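Fold and geometry: a report
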Amino acid sequence: MALVTSKYMFEKALTNDHAIGAFNVNNMEIIQGIVDAAQAENSGLILQVSAGARKYAKPAYLLKLVEAAIIDTGIDICLHLDHGEDFDICKKCVDDGFTSVMIDGSGHPLNENIEITKKVVEYAHSKGVVVEAELGKLAGIEDNVSVDARQATFTDPDEAAEFVQKTGVDSLAIAIGTSHGAYKFKGDPYLDFERLKKIHFLIPNVPLVLHGASTVLPEFVAKCNEYGGDLPGTRGVPEEMILEAVKYGVCKVNIDTDLRLAMTAEIRKHLKEHPENFDPRKYLGPAREAIKGMVQHKIKNVLNSSGTGSPR
Ligand code: G3H
Ligand code: 13P
Ligand code: ZN
């Protein structure tokens, strides 16, 4: 079993109406909780590392932890750079042994985004690494931003087709209303499914990626708050919406916030109930189990990816 690209995972996902979870990793317990869940469900798996995660844990530690996870569990893992902001960080990750990188040129005008993405694709492909790019912006909730103004930042379907054709990118992150973090919507959750359908119609063979796809499950927010947290007014993407998006080409679903909430809720609960404990293993152990439970829930009930891992 090995580090693999997402190529075959996405090919299967596109034809079989499931998606692969891409879970953000920052330390050993998070990695162990996720891979234990993927092993238990025999699910395809992407572990993703942000620039912040590289800074926090240092690249060599994360790489070696992921290699250790493969040895320990015997599963295939795609190791992916999340939101690479320029060619340099993408190149570093390719050279380090990542099997997938994201170049996020979404803050640039279309032509510049195409140029930066092309350069990353050329380098990554020469080393057998796949590339995700992003078109459109993931706006969060902000005061005084009208629905029209927000939709103006969503991915334009015709531009998406042009972008993929000109860059040769392997997968495309799209903006249809999701955003990062625990505060995604002011009122009712809304995703632009008509736009998603049009994008999928124009580029049916291109795996689409949904960032900001955490559901921000109310029970985990409530648990955080019950044990001393202060997270008012959170709102995520309902699970039915993720299941719907998966029908229209979404093959990769990015989840970080739900892991953070599961872990934090469990640590808060443990410390509150056991004020005598000061051995980190006493609260990080249950936190790792909470991560495993959350990931198994996603695989079984939101991604439908049980049984999609490599044959044992
Ligand atoms: O895209 C955002 C992910 O949740 C990673 O977050 O940059 O705080 O590591 P981070
Ligand atoms: P969430 O904040 O919704 O978990 O999204 C994470 C993400 O998109 C990482 O790239
Ligand atoms: Zn993201």
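In this report, we go over the structure that sits alongside the text.

Considering the packing of aromatic side chains
- Scanning the entire structure with this criterion turns up 1 aromatic pair.
- Ring geometry for phenylalanine 87 versus tyrosine 123: centroids 5.9 Å apart, planes at 75°, classification edge-to-face. You can see phenylalanine 87 sitting in helix α5 (residues 87–96) and its partner tyrosine 123 sitting in helix α6 (residues 110–126), a full 36 residues away along the chain. As far as the burial class goes, phenylalanine 87 and tyrosine 123 line up, both buried.

With respect to the site of ligand 1
- Surrounding ligand 1, one finds Asn24, Ser50, Asp82, His83, His180, Asp256 and Arg260.
- Within the side chain of histidine 180, an N or O atom sits 3.3 Å from an oxygen atom of ligand 1.
- For ligand 1, whose free accessible area comes to 300 Å², the fraction covered by protein is 67%.
- Each residue belonging to the shell around ligand 1 can be placed in one class, and the counts come to no nonpolar, 4 polar and 3 charged.

Notes on the sheet that holds strand β4 (residues 100–103)
- In space, the 8 strands of this closed barrel follow the order β1-β2-β3-β4-β5-β6-β7-β8, with parallel pairing throughout. Averaged over all adjacent pairs, the angle separating strand axes in this sheet is 25°, with direction ignored.
- Here strand β1 (residues 20–24) pairs with strand β2 (residues 46–49) via 3 bridges, running parallel. Each residue of the ladder has a partner; that of asparagine 24, found in β2, is glutamine 48.

Points about the site of ligand 2
- Neighbouring ligand 2 are 15 residues; Asp82, Lys184, Ser214, Asp256 and Thr257 lie closest to it.
- Contact between ligand 2 and histidine 180: an oxygen atom at 3.1 Å from a side-chain N or O atom of the residue.
- Relative to its unbound accessible surface of 310 Å², ligand 2 loses 96% to contact with the protein.
- Contributing elements (two or more residues each) for the shell around ligand 2: β3 (78–84) and β8 (250–255).

How each quantity is defined
- Residues numbered from 1 in each chain as written.
- Chains lettered and ligands numbered in written order.
- Predicted model: local features only at pLDDT ≥ 70, side-chain atom pairs only at ≥ 80, totals over all residues.
- Heavy atoms only, no water.
- Phe/Tyr/Trp six-rings, centres within 6.5 Å; stacked < 30°, edge-to-face > 60°.
- Helix = DSSP H or I, 4+ residues; strand = E, 2+ residues; numbered from the N terminus.
- Buried < 20%, exposed > 50% of the residue type's maximum accessible area, 1.4 Å probe, protein only.
- Near = heavy atom within 4 Å.
- Polar contact = N/O pair within 3.5 Å; in protein donor to acceptor, adjacent residues only side chain to side chain.
- Areas by Shrake-Rupley, 256 points an atom, 1.4 Å probe, with all protein chains shown as cover.
- Nonpolar A, V, L, I, M, F, W, Y, C, P; charged D, E, K, R; others polar.
- Pairing = 2+ DSSP bridges.
- Axes fitted to C-alpha atoms, helices over the stretch in contact; angles between N-to-C directions.

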